[in-house]
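Each chain, written out:
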Amino acid sequence: MAVCVAVIAKENYPLYIRSVPTESELQFHYMVHTSLDVVDEKVSAMGKALVDQRELYLGLLYPTEDYKVYGYVTNSKVKFVMVVDSSNAALRDNEIRSMFRKLHNSYTDVMCNPFYTPGDRIQSRCACACRGGPAGRGSCSESK
Amino acid sequence: MADAALFEFLHTEMVAELWAHDPDPSPGGQKTSLSVLKGMGFRVGQALGERLPRETLAFREELDILKFLCKDLWVAVFQKQMDSLRTNHQGTYVLQDNSFPLLVRMASGLQYLEEAPKFLAFTCGLLRGTLSTLGIKSLVTASVAALPACKFQVVIQKA
């Protein structure tokens, strides 16, 4: 299941980043940061390719020896990045897509919250719980 | 279509409330109320800009975003599409609505022409908020020649 989930604003700063507590959480932060370049590359490549309409789901951004990183961009240029353990039996594409769809729905709900100012860090127990849902089935213990 | 009526009544009350407590009828006081309305519209537009395009594929260019405003946003908020969209291809767009739902109840013609801008401020903010979520900085102004037709002018600001 997902070991790290991040929501990145269009100015490329993190709005929400959570990972499974391990010794090397910083490593996940670095991975998400480097994946931003790949996201930008994919977005501009698709833009130039004159495809009729670009999809929001970007697919596998890059694999490392232990993890795979997937990306998704919304219409408001907010990026979602998910780091997944490679040792799992390969998660099917639709499962990743459905995880991103749930994440997108949660993010939309956060935007519609009148107590949330766009651009702030997201601090929401509901967001934690939603992330625990699709991403965790026991592997993330910090969701409330 | 009860929800359309609910929003219209709420909007009318918002405008009435802001003007009722305004003891200062000078242009300064009026400007504050107008900017309060625009601010409200802006925040609503930001949330709508996130929620409405959820299932649509990514926008390719500015014109696509403006078309989305005229079709999907207008239908979601006012249950009708914008009547016409014109552009000078240099960052200025004029959106025209020939029977704007928030003005249609008032009069048809030139009566109440001076009161009309108050009822358009929220919608200007709404357009600006949605554009800002979709990545476009803009300035939106509204003008009324004869109720209930009105024009919204969107000027894109290149940073």
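Residues numbered from 1 in each chain as written. Chains lettered and ligands numbered in written order. Predicted model: local features only at pLDDT ≥ 70, side-chain atom pairs only at ≥ 80, totals over all residues. Heavy atoms only, no water.

Per an unreviewed UniProt entry, chain B carries the name Trafficking protein particle complex subunit 6A and comes from Catagonus wagneri. Per its UniProt entry, chain B bears the Sequence similarities (unreviewed entry) comment "Belongs to the TRAPP small subunits family. BET3 subfamily." Word for word, the UniProt comment on chain B under Function (unreviewed entry) is "May play a role in vesicular transport during the biogenesis of melanosomes." (UniProt positions renumbered as here; feature names shortened; annotations may be inferred.)

An unreviewed UniProt entry lists chain A under the name Trafficking protein particle complex subunit 2-like protein, from Catagonus wagneri. Regarding chain A, the UniProt comment filed under Subcellular location (unreviewed entry) reads as follows: "Cytoplasm, Perinuclear region". Word for word, the UniProt comment on chain A under Sequence similarities (unreviewed entry) is "Belongs to the TRAPP small subunits family. Sedlin subfamily."

A. Looking closely at the interface of chain A and chain B. Opposite the 21 residues of chain A that make contact, chain B presents 16 residues. Between chain A and chain B, roughly 1,800 Å² of surface is buried when both sides are summed, and carbon and sulfur atoms account for 48% of that area. Applying the counting rule to chain A against chain B returns one salt bridge. Its salt-bridge partner being Arg51 of chain B, residue Asp109 of chain A comes within 2.6 Å of it at the nearest N-O pair. On inspection of chain A and its partner chain B, the count reaches seven residue pairs in polar contact (both at pLDDT 80 or more). Classifying every residue of the side of chain A that touches chain B by side-chain character gives eight nonpolar, eight polar and five charged. (Contact = heavy atoms within 4.5 Å. Buried area = accessible area lost by both parts, 1.4 Å probe. Salt bridge = Lys/Arg side-chain N within 4 Å of Asp/Glu carboxyl O. Polar contact = N/O pair within 3.5 Å; in protein donor to acceptor, adjacent residues only side chain to side chain. Nonpolar A, V, L, I, M, F, W, Y, C, P; charged D, E, K, R; others polar.)

B. Inspection of the environment of Met99 of chain A at higher detail. For Met99 of chain A, the position within the fold is in helix α2 (residues 93-112). Between the C-alpha atom of Met99 of chain A and that of Val69 of chain A, which follows or precedes it by 30 residues, the distance is 13 Å. (Helix = DSSP H or I, 4+ residues; strand = E, 2+ residues; numbered from the N terminus.)

C. Molecular detail of the pairing of strand β3 (residues 138-146) of chain B. Residues and elements named next belong to chain B. Bridging between β3 and strand β4 (residues 149-156) involves eight bridges; their strand directions are antiparallel. Within β4, the position partnered with Ser138 by the bridge is Ile156. Connecting β3 to the antiparallel partner β4 that follows it, the hairpin turn spans two residues. (Pairing = 2+ DSSP bridges.)

D. Molecular detail of the sheet that holds strand β2 (residues 92-97) of chain B. Residue and element names in this part refer to chain B. The strand order across the open sheet built from four strands is β1-β2-β4-β3, with neighbouring strands paired in antiparallel fashion. Lying at the two open borders of the sheet, with one neighbouring strand each, are β1 (84-87) and β3. Direction aside, neighbouring strands of the sheet carry axes that sit 20° apart on average. On the sheet, helix α5 (residues 116-133) packs against β3 and β4 and is oriented at approximately 150° with respect to β3. (Axes fitted to C-alpha atoms, helices over the stretch in contact; angles between N-to-C directions.)

E. Representation of the sheet that holds strand β3 (residues 57-63) of chain A. All names here are of chain A. Overall, antiparallel pairing links the five strands, which are arranged β2-β1-β5-β4-β3 in an open sheet. A single partner strand is all that each edge strand has here, and the edge strands are β2 (14-19) and β3. In this sheet, neighbouring strand axes are inclined to one another by 15° on average, regardless of whether the strands run parallel or antiparallel. With seven bridges joining them, strand β4 (residues 67-73) and strand β5 (residues 79-85) adopt antiparallel strand pairing.

F. Expanded view of the packing of aromatic side chains. Residue and element names in this part refer to chain B. Applying the stated rule across the entire model yields 12 aromatic pairs over all chains. For the pair Phe7 and Phe122, a centre-to-centre distance of 5.9 Å together with 50° between the ring planes defines the contact as tilted. Of the two residues, Phe7 sits in helix α1 (residues 2-20) while Phe122 sits in helix α5, which places them 115 residues apart along the sequence. According to the relative accessible area criterion, Phe122 is buried, its value standing at 6%. Ring pairing ties together the aromatic residues Phe7, Trp74, Phe78, Phe100, Phe122 and Phe152, which thus form one cluster. (Phe/Tyr/Trp six-rings, centres within 6.5 Å; stacked < 30°, edge-to-face > 60°. Buried < 20%, exposed > 50% of the residue type's maximum accessible area, 1.4 Å probe, protein only.)

G. Representation of unusual backbone geometry. The backbone of Lys77 of chain A sits at a positive phi, close to 60°, despite the residue not being glycine. By secondary structure assignment, the location of Lys77 of chain A is in the loop between β4 and β5. A positive phi angle is found at Gln79 of chain B, which is not glycine, with a value near 60°. Mapping Gln79 of chain B onto the fold places it in the loop between α3 (62-78) and β1. For Gln79 of chain B, a relative accessible area of 34% corresponds to the partly exposed category.

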